[in-house]
Amino acid sequence: EAGVAQSPRYKIIEKRQSVAFWCNPISGHATLYWYQQILGQGPKLLIQFQNNGVVDDSQLPKDRFSAERLKGVDSTLKIQPAKLEDSAVYLCASSLGVGSSTDTQYFGPGTRLTVL
Amino acid sequence: GQSLEQPSEVTAVEGAIVQINCTYQTSGFYGLSWYQQHDGGAPTFLSYNALDGLEETGRFSSFLSRSDSYGYLLLQELQMKDSASYFCAVSGGGADGLTFGKGTHLIIQP
């Protein structure tokens, strides 16, 4: 089966610009996650969707970050405007179930964002 | 809140056994997961412990003690391809999103 797809793989922008990332989860997976991984650290959860509803966005900087998952499949994460500290890898993950903590999360290859 | 502690770096010899420890503090706890991440790659799932005890999957084993808020990942018969970062992560609270530790960089020497 196809894995989690993300694009673009790399993006370089200047501060105060806008950027958007796209994620296509594994077919049939109800839950989708966006994580931010800063170099040398573990991934940090930004937002979790269950189908097309938000389950947890407590760590999403809502003044500049937004995300949507229309139709409960693909998702986009947007940053507007970007800051230098947003330089990181943005990982998308998906899992099969709806609310089970035993579900394995499958990660995409990530988008590496550099903000100059 | 949730926090996890794991060593930043561990060095071991090819063919040997290595243990990577993880301690955690959480407000809610469902289980402890382990992920492997090669440089430039995506995290990949290794194991999950919800109950106390040892879970074995091939060369990898994972242990959990809920009373001690402690777990470890055991890698046996180390191979050069095991050189990677290993993350422990906890799931807990109202949603399933994982809280990751900072990762342990495992260096395998020939």
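Refer to the structure printed above.
Residues numbered from 1 in each chain as written. Chains lettered and ligands numbered in written order. Predicted model: local features only at pLDDT ≥ 70, side-chain atom pairs only at ≥ 80, totals over all residues. Heavy atoms only, no water.

Student: Now, about the overall build of chain A: what can you tell me, with residues and values included?
Tutor: Along its length, chain A carries zero helices and 11 strands. When the helices and strands of chain A are read in sequence order from the N terminus, they spell out β-β-β-β-β-β-β-β-β-β-β. By the compact-globule yardstick of 13 Å for 116 residues, chain A fits well, its C-alpha radius of gyration being 13 Å. With respect to the principal axes defined by its C-alpha atoms, chain A has extents near 40 × 25 × 25 Å. Buried residues in chain A amount to 44% of all 116 residues. Each charge class in chain A was averaged separately, 12 positive and 10 negative side chains, and the resulting centres sit 6 Å apart. (Helix = DSSP H or I, 4+ residues; strand = E, 2+ residues; numbered from the N terminus. Rg over C-alpha atoms; globule rule 2.2 N^0.38 Å. Buried < 20%, exposed > 50% of the residue type's maximum accessible area, 1.4 Å probe, protein only. Lys, Arg positive; Asp, Glu negative; His and termini not counted. Charge placed at Lys NZ, Arg CZ, Asp CG, Glu CD.)

Student: Hey, could you go over unusual backbone geometry for me, with residue numbers and the actual values?
Tutor: Put simply, Ser 7 of chain A and Pro 8 of chain A share a cis peptide bond, and its omega is -10°. Note that Pro 8 of chain A resides in the loop between strand 1 (5-7) and strand 2 (10-13). Cis geometry is found at the peptide bond from Gln 80 of chain A to Pro 81 of chain A, where omega equals -5°. Note that Pro 81 of chain A resides in the loop between strand 8 (75-79) and strand 9 (88-95). Residues other than glycine seldom take positive phi values, yet Ser 69 of chain B does so here, at roughly 50°. Relative to the assigned elements, Ser 69 of chain B resides in the loop between strand 7 (60-65) and strand 8 (70-75).

Student: How would you summarise the pairing of strand 11 (residues 104-109) of chain B if you had to cite specific residues and measurements?
Tutor: Residues and elements named next belong to chain B. Burial along strand 11 is one-sided: Thr 104, Leu 106 and Ile 108 are buried, while His 105, Ile 107 and Gln 109, pointing the other way, are not. Taken together, the five bridges between strand 2 (residues 9-13) and strand 11 define a ladder with parallel strand orientation. Looking across to strand 11, one finds that Val 13 is bridged to Gln 109. Where strand 9 (residues 84-91) and strand 11 come together, three bridges link them in antiparallel fashion. Residue pairing across strands places Ala 84 opposite Leu 106, the latter belonging to strand 11. (Pairing = 2+ DSSP bridges.)

Student: I'd love a proper account of the interface of chain B and chain A, names of residues and values included.
Tutor: Each partner contributes to the interface: chain B provides 17 residues, whereas chain A provides 23 residues. Inspection of the chain B/chain A interface yields zero salt bridges. Counting across the interface, chain B meets chain A through four residue pairs in polar contact (both at pLDDT 80 or more). When contributions to the side of chain B that touches chain A are tallied by element, the ones reaching two or more residues are strand 4 (31-37), strand 5 (44-49), strand 9 and strand 10 (98-100) of chain B. (Contact = heavy atoms within 4.5 Å. Salt bridge = Lys/Arg side-chain N within 4 Å of Asp/Glu carboxyl O. Polar contact = N/O pair within 3.5 Å; in protein donor to acceptor, adjacent residues only side chain to side chain.)

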